[in-house]
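# Geometric and topological summary
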Amino acid sequence: MKKLRKAPLRVGRTLGHAFDATVDTAFGSVSHALHSTLRLTGLAPRRGGDSSQAPHAAPGAVPGLEGFADRNTPPPPGLIKLTVHDYGPESLDVHHPEDIETLFAAPRPENAVVRWINIDGLHPWVVKQFVETHGMHTLAAEDTLHVPQRPKAEAYDDHLFLVARMMRLHEEKLSAEQVSMFLKPGLLVTFQENADESHKPATCGSPCGSG
């Protein structure tokens, strides 16, 4: 009976060590990508790749944005919401450009160290403008539009692409939304699937916490 008790224990320990090693390896890979990108040294760019990884890509689809028919047509007014945060150690400026042209024409203030651009809503034409203006990789742009993607971090020549899942509780129902992030020195661009108020501070009734 003693041998029978020890066998499951040994198996459990072996599986536990294997699981820990796998998690450590995955975490180390992502940490290395983040660290390398922020320092702009030692980047391991993604090479090649194909659009078959996108769950909704049609078989034989052209990689990148070429497979989207409306990539050259701007979206209707009001469909996409733009929010820009220009901030630094001593200042914060938040504004909502009416369109992409206005956004790109407005330079970052001199006292701002970082510009964070958040786009609520997905449209191929909008994503294409960021690809052409900020040099974002077309394969990452394709993953931004083909949702949902698995959470991941990919390092390219001069920027980092991350995909995360944002969980929200709305009317007692739990929903998940993809957030795609492009990180460059002094610039963060985030794409959300839908327009919402996820980035605003949480509020509560008065008195807070009562009831």
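Keep in mind the model is a prediction, meaning the values are calculated, not measured. (Residues numbered from 1 in each chain as written. Predicted model: local features only at pLDDT ≥ 70, side-chain atom pairs only at ≥ 80, totals over all residues. Heavy atoms only, no water.)

### Quick word on the packing of aromatic side chains
Heads up, the condition is: Stacked, tilted and edge-to-face are the three classes assigned to paired rings of Phe, Tyr and Trp, where Trp is represented by its six-membered ring and a pair needs centres within 6.5 Å; plane angles under 30 degrees give stacked, over 60 edge-to-face, the rest tilted. Only DSSP runs of H or I with at least four residues qualify as helices, and only runs of E with at least two residues qualify as strands; both kinds are numbered from the N terminus onward. When a residue's accessible area, from a 1.4 Å probe over protein chains only, is under 20% of the maximum for its type it is buried; when over 50% it is exposed; and in between it is partly exposed.
Overall, the coordinates contain four aromatic pairs when judged by the stated rule. Ring plane angle 80° and centroid distance 5.3 Å describe the contact between F104 and F130, whose orientation is recorded as edge-to-face. Here F104, found in helix α2 (residues 100–105), pairs with F130, found in helix α3 (residues 124–134); they are 26 residues apart in sequence, far enough to count as distant. A residue is classified by how much of its surface remains accessible, and F104, at 29% relative accessible area, is partly exposed. Geometrically, the ring pair formed by F130 and F191 is edge-to-face, given 5.6 Å between the ring centres and 85° between the ring planes.

### Brief notes about the environment of E142
Inspection of the secondary structure puts E142 in helix α4 (residues 138–145). E142 gets classed as buried once you look at its relative accessible area, which sits at 2%. Considered as a pair, E142 and P124 are 18 residues apart in the sequence and their alpha carbons are 8.7 Å apart.

### Quick word on the nonpolar core
Soluble globular proteins: nonpolar side chains tend toward being buried together. Going by this rule: To define a nonpolar core, start from buried Ala, Val, Leu, Ile, Met, Phe, Trp, Tyr and Cys residues and group those joined through side-chain atoms within 4.5 Å. What makes two residues a contact is simply this: any of their non-hydrogen atoms within 4.5 Å.
Formed by 26 residues in total, the largest nonpolar core has its most connected members in I117, I119, V126, F130, V189 and F191. Among the elements of the structure, β1 (81–88), α2, β3 (114–120), α3, α4, β5 (160–170) and β7 (187–192) are those that each provide at least two residues to this core. Of the residues forming this core, the biggest block, five residues, is contributed by α3. With near-sequence residues (within four places) excluded, V189 lies in contact with I117, I119, F130, M136, S180, M181 and F182.

### A closer look at the pattern of salt bridges
Inclusion rule: What counts as a salt bridge is simple: a side-chain nitrogen of Lys or Arg found within 4 Å of a carboxyl oxygen of Asp or Glu.
For the structure shown, the criterion picks out six salt bridges. One salt bridge in this structure joins D143 and K152, with 2.8 Å as the shortest N-O distance. Across the pair, exposure class does not vary: D143 and K152 are buried alike. One salt bridge in this structure joins K152 and E154, with 3.7 Å as the shortest N-O distance. For K152, a relative accessible area of 11% puts it in the buried group. A single network of salt bridges, built from pairs that share partners, joins D143, K152 and E154.

### What to know about the confidence of the model for the protein
Just so we agree on the cut-off: A score between 0 and 100, pLDDT records how confident the predictor is in each residue.
A residue-level look at the protein finds 62% of positions with pLDDT of 70 or above and a mean pLDDT of 74. Here residues 33–57 is a poorly scored stretch, pLDDT under 50, and it has 45 contacts once near neighbours within four places are set aside; other chains count. Between residues 201–211, whose pLDDT stays under 50, and residues either more than four places distant or in other chains, the model counts one contact.

### Topic: the side chain of E177
The line we're drawing: Nitrogen and oxygen atoms within 3.5 Å of one another constitute a polar contact, given that in protein one can donate a hydrogen and the other can accept it, and given that sequence-neighbouring residues count only through two side-chain atoms.
Positionally, E177 belongs in strand β6 (residues 173–184). A distance of 2.8 Å separates the side chain of E177 from the backbone nitrogen of E193, its partner in a polar contact.

### Quick look at the packing of α3 against α4
Using the following cut-off: Angular values range over 0 to 180 degrees, each being the angle between N-to-C directions of two axes fitted as lines to C-alpha atoms, with helices fitted over their stretch in contact. Roughly parallel means an angle under 35 degrees; roughly antiparallel means over 145; roughly perpendicular covers 65 to 115; every other angle is labelled oblique. Here a crossing is taken to be left-handed if its near helix is turned anticlockwise relative to the far helix by less than a right angle, and right-handed if that turn runs clockwise.
In the contact formed by α3 and α4, the axes pass within 10 Å of each other and the chain directions differ by 155°. In terms of orientation, α3 and α4 fall into the roughly antiparallel class. For the pair α3 and α4, the crossing hand works out as right-handed. Of the residues in α4, those touching α3 at P124, V127 and V131 are T138, A141 and L145.

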